[in-house]
Amino acid sequence: MVEPKYKRVILKLSGEALAGKVGFGINPLVIKEVVQEIKEIHALGVEIAIIVGGGNIWRGTTGAEMGMERAQADYMGMLATVMNSLALQDVLENEGVPTRVQTSIEMRQVAEPYIRRKAIRHLEKGRIVIFAGGTGNPYFSTDTTAALRAAEIEADVILMAKNNVDGVYSADPQKDTTAIKFTELTHLDVISKGLQVMDSTASSLSMDNDIPLVVFNLNTPGNIRRVIMGEDIGTTVRG
Ligand code: UDP
């Protein structure tokens, strides 16, 4: 049997991944499709930690544009990620996959607080750990959370699942027909060329800590498994 390429992974889902075509809110049927894919790689024995964004509910920058205090708006964004994490946990558990949610901001009635060593123990026991609440700090993103937690739990890779784009391009392929897709990049390329992969804080953290990423299209069924098995789909970004 072919072994998975990665043993411990961080899967980064944007909030949009839970919303479906409307692009807003939480759609349990859409989550179910993603969960089937996660279940498949879980069955291969891969240790999986998941980070979900909150953009399907609220983004701090949107609040700031409307005149809110940025930090306040960002805390709302962090809470949105908790809602998404609980929805994802519910669907995973309905499918028989054991999970734990850990929040960066304490809310003990809702989920465990983030404790690094405990998270690692859950992973070793075959539980999927969902890291909710981002980093717990305003002015950061869930991409940065993915890089931070990947470093902390010594993940082999961050799987950056994207909606309707199959990798990193030189320009927006929806708008520019001359855009070319990269198969391999360095974090420095991403930063210096200003490529749309993660925000610069997340890229710097990934570069400084040598964390590889694979950017791929979540909307093609089977893609998470393909990446896990080492198929060259999407774009790989390394140190
Ligand atoms: N957020 C934050 N600190 C963090 C992570 C997230 O303040 O460490 C807030 C921020 O307002 C952000 C929102 O939560 O806009 C949702 O996260 P993100 O934009 O990363 O979600 P995604 O785009 O992946 O859906």
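Note that the structure is a prediction, hence the values are computed from the model and not measured.

Caption draft 1: Focus on the overall build of the protein chain. Counting its secondary structure elements, the protein chain contains 8 helices and 11 strands. If one aligns the C-alpha atoms of the protein chain with their principal axes, the spans along those axes are about 55 × 50 × 35 Å. Within the protein chain, counting contacts between residues at least 6 apart in sequence, those at least 24 apart form 71% of the total. A total of about 11500 Å² of accessible surface is found on the protein chain, and carbon and sulfur atoms cover 50% of it. A gap of 5 Å separates the mean positions of the 25 positive and 29 negative side-chain charges of the protein chain.

Caption draft 2: Spotlight on helix α7 (residues 200-208). Burial in α7 covers these residues: Ala202, Ser203 and Ser206. One side of α7 holds all its buried residues, which, seen down the axis, span an arc of 100 degrees. If you follow the buried residues of α7, they end up packed against α5 (142-153), β6 (157-162), α6 (187-193) and β10 (213-217). Just downstream of α7 lies Asp210, where phi reads positive at about 55 degrees.

Caption draft 3: Focus on the layout of surface pockets. Taken as a whole, the second largest pocket encloses approximately 470 Å³ of empty space. Lining the second largest pocket are 14 residues, and of these Gly20, Val30, Glu33, Asn163 and Asn219 lie nearest its centre. Across the lining of the second largest pocket, the residue classes tally to 5 nonpolar, 5 polar and 4 charged.

Caption draft 4: Molecular detail of the pattern of salt bridges. This structure, assessed with the given rule, holds 14 salt bridges. Between Glu106 and Arg108 there is a salt bridge, and its shortest N-O distance comes to 2.9 Å. On the basis of relative accessibility, which here comes to 52%, the residue Glu106 falls in the exposed class. Judged by relative accessible area, which is 57%, Arg108 ranks as exposed. One salt-bridge network, held together by shared partners, links Lys7, Arg8 and Glu47.

Caption draft 5: Quick look at empty space enclosed by the protein. The full count for this structure, using the stated rule, is 1 cavity of 30 Å³ or more. Considering only enclosed or pocket space, the largest cavity measures out at about 60 Å³ in volume. Lining the largest cavity, in full, are Lys5, Tyr6, Val214, Val227, Gly230, Glu231, Asp232, Ile233 and Thr236. For the lining of the largest cavity, the residue count by class is 4 nonpolar, 2 polar and 3 charged.

Reading guide: rules and limits
Residues numbered from 1 in each chain as written. Predicted model: local features only at pLDDT ≥ 70, side-chain atom pairs only at ≥ 80, totals over all residues. Heavy atoms only, no water. Helix = DSSP H or I, 4+ residues; strand = E, 2+ residues; numbered from the N terminus. Contact = heavy atoms within 4.5 Å. Areas by Shrake-Rupley, 256 points an atom, 1.4 Å probe, with all protein chains shown as cover. Lys, Arg positive; Asp, Glu negative; His and termini not counted. Charge placed at Lys NZ, Arg CZ, Asp CG, Glu CD. Buried < 20%, exposed > 50% of the residue type's maximum accessible area, 1.4 Å probe, protein only. Arc of directions from axis to C-beta. 1 Å grid on protein atoms, 1.4 Å probe; cavity = no way out; pocket = protein on both sides within 12 Å on 5 of 7 lines; lining within 4 Å. Points joined across faces, edges and corners; volume = space filled by probe spheres on them. Nonpolar A, V, L, I, M, F, W, Y, C, P; charged D, E, K, R; others polar. Salt bridge = Lys/Arg side-chain N within 4 Å of Asp/Glu carboxyl O.

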